Amino acid sequence: MEDNTPIIEGRHLFKKYVLHQGDYYALNDVSISVQSGEYVAVTGHSGSGKSTLMNILGSIDAPTSGEILFEGISIKDYTEKQLAQLRNRSIGYVFQSFYLEPNYTVGKNVEMPLLIAGYDARERKKRIQAVLEQVGMEKHIHQKAYMLSGGEKQRVSIARALVCNPKLILADEPCGNLDSENTAIVMDIFHKLHQEQKTIILITHSNEDASQAERQIRMKDGKILS
Ligand SMILES: Nc1ncnc2c1ncn2[C@@H]1O[C@H](COP(=O)(O)OP(=O)(O)OP(=O)(O)O)[C@@H](O)[C@H]1O
Ligand SMILES: [Mg+2]
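Within any chain, residue numbers begin from 1 and follow the written order of that chain's sequence. Lettering for chains starts from A, numbering for ligands starts from 1, and both go in the order in which the items are written. The model is predicted, so local features are restricted to residues of pLDDT at least 70 and side-chain atom pairs to those at 80 or more, both for listing and for counting; the totals for chains, interfaces and linings are taken over all residues. The side-chain quantities take in all heavy atoms of the structure and omit both hydrogens and water.

**Side note on the site of ligand 1**
And then number 1: Note on terminology: near, applied to a residue and a molecule or strand, indicates that one of the residue's heavy atoms is within 4 Å of it. The environment of ligand 1 is made up of 14 residues, and the closest members are Ser 46, Gly 47, Lys 50, Ser 51 and Thr 52.
And then number 2: One of the side-chain N or O atoms of Thr 52 is found 2.5 Å from an oxygen atom in ligand 1.
And then number 3: When the free accessible area of ligand 1 is taken as 640 Å², the share hidden by the protein chains comes to 62%.
And then number 4: Numbering goes from the N terminus for both helices and strands, where a helix is a DSSP run of H or I of at least four residues and a strand is a run of E of at least two. Looking at the shell around ligand 1, the elements with two or more residues in it are strand E1 (8-19), strand E2 (22-34) and helix H1 (50-57).
And then number 5: Amino acids outside the nonpolar list (Ala, Val, Leu, Ile, Met, Phe, Trp, Tyr, Cys, Pro) and the charged list (Asp, Glu, Lys, Arg) are all regarded as polar, and Gly is one of them. Within the shell around ligand 1, the residues separate by chemical class into four nonpolar, eight polar and two charged. In protein, a polar contact requires one atom able to donate a hydrogen and another able to accept it; more generally it is a pair of N or O atoms within 3.5 Å, and residues adjacent in sequence count only if both atoms are side-chain atoms. All accessible areas in this document rest on Shrake-Rupley with a 1.4 Å probe, and a residue is counted as covered only by the protein chains that are shown.

Below is the structure:
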């Protein structure tokens, strides 16, 4: 029997901020469902709630109300330890600003999630090598991260996102700080990941990049436009 359980689902998500001027809803009743292997682009103007949605889907942030289901299981009552494990093993994050440790080598940056997950040294080495080859950064393994160009940094951050073999990749404007040449390299990596059946949710301001996804979701004022 075919399993149609979405890999991730958000049900009636609200995110409220209490401001001087009154309540502000960064998410205002958002429901979203993504199937395993889908490549989804999220677009919308600045402030429309894209990052808020992404962070809540990735359990980096909690909704004010509503529910997240990962592979059909609600994470509502997960302990902090269970959430940390979900983030470490099942989700890969890529951000506009890379968030690499500048004084660590490329290899060490990519190793961090593996250390958290508890892989042994031999398995860590094998996986680091494999993901760095996947993004064409294997020659830089011993280089300190601060020495890399923006495009190289983003390739390393993608390698780090992939190294625990996550089921879901969340990318928040991964090309936002890159020139067109490096954008093309990064988008090509996402295209190949999609061909390998990875599930990807990509936030982008670029219609051209969004058109590479299978499905586009447009946000406005904390809502998904249908
Ligand atoms: N901690 C906070 N307190 C108050 N308002 C917030 C907070 N965090 C986010 N917001 C507001 O929520 C709205 C949605 O923010 P979000 O970062 O999700 O937008 P975005 O669509 O990702 O925008 P961008 O394209 O600029 O990244 C914005 O208006 C923002 O100012
Ligand atoms: Mg954002």
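**Examining the sheet that holds E2**
And then number 1: The strand order E2-E1-E4-E5 describes an open sheet built from four strands, whose pairing is antiparallel. On the outer flanks of this sheet lie E2 and strand E5 (73-74), each paired with one strand and no other.
And then number 2: Bridge count between strand E4 (residues 65-70) and E5: two bridges; the pairing is antiparallel. Residue pairing across strands places Leu 69 opposite Ser 74, the latter belonging to E5.
And then number 3: Across the sheet, H1 lies against E1, E2 and E4, angled at about 60° from E2, the strand it touches most. Being paired, for any two strands, means DSSP has found at least two bridges between them. By the convention used here, residues are in contact when the closest approach between their heavy atoms is within 4.5 Å. Every angle, taken between N-to-C directions, lies between 0 and 180 degrees, and every axis is a line fitted to C-alpha atoms, over only the stretch in contact when it is a helix.

**Details of unusual backbone geometry**
And then number 1: A positive phi angle, close to 50°, is found at Glu 71, a residue other than glycine.
And then number 2: Looking at where Glu 71 falls in the secondary structure, it is placed in the loop between E4 and E5.
And then number 3: On the basis of relative accessible area, Glu 71 is assigned to the partly exposed category, the value being 38%.
And then number 4: Phi is positive for Phe 98, which is not a glycine, with a value near 65°.
And then number 5: If you trace the backbone, Phe 98 turns up in the loop between strand E6 (91-95) and helix H3 (106-117).
And then number 6: Only protein chains enter the area calculation, which uses a 1.4 Å probe; residues under 20% of their type maximum are buried, those over 50% are exposed, and those in between are partly exposed. A residue is classified by how much of its surface remains accessible, and Phe 98, at 12% relative accessible area, is buried.

By themselves these figures say nothing about function.
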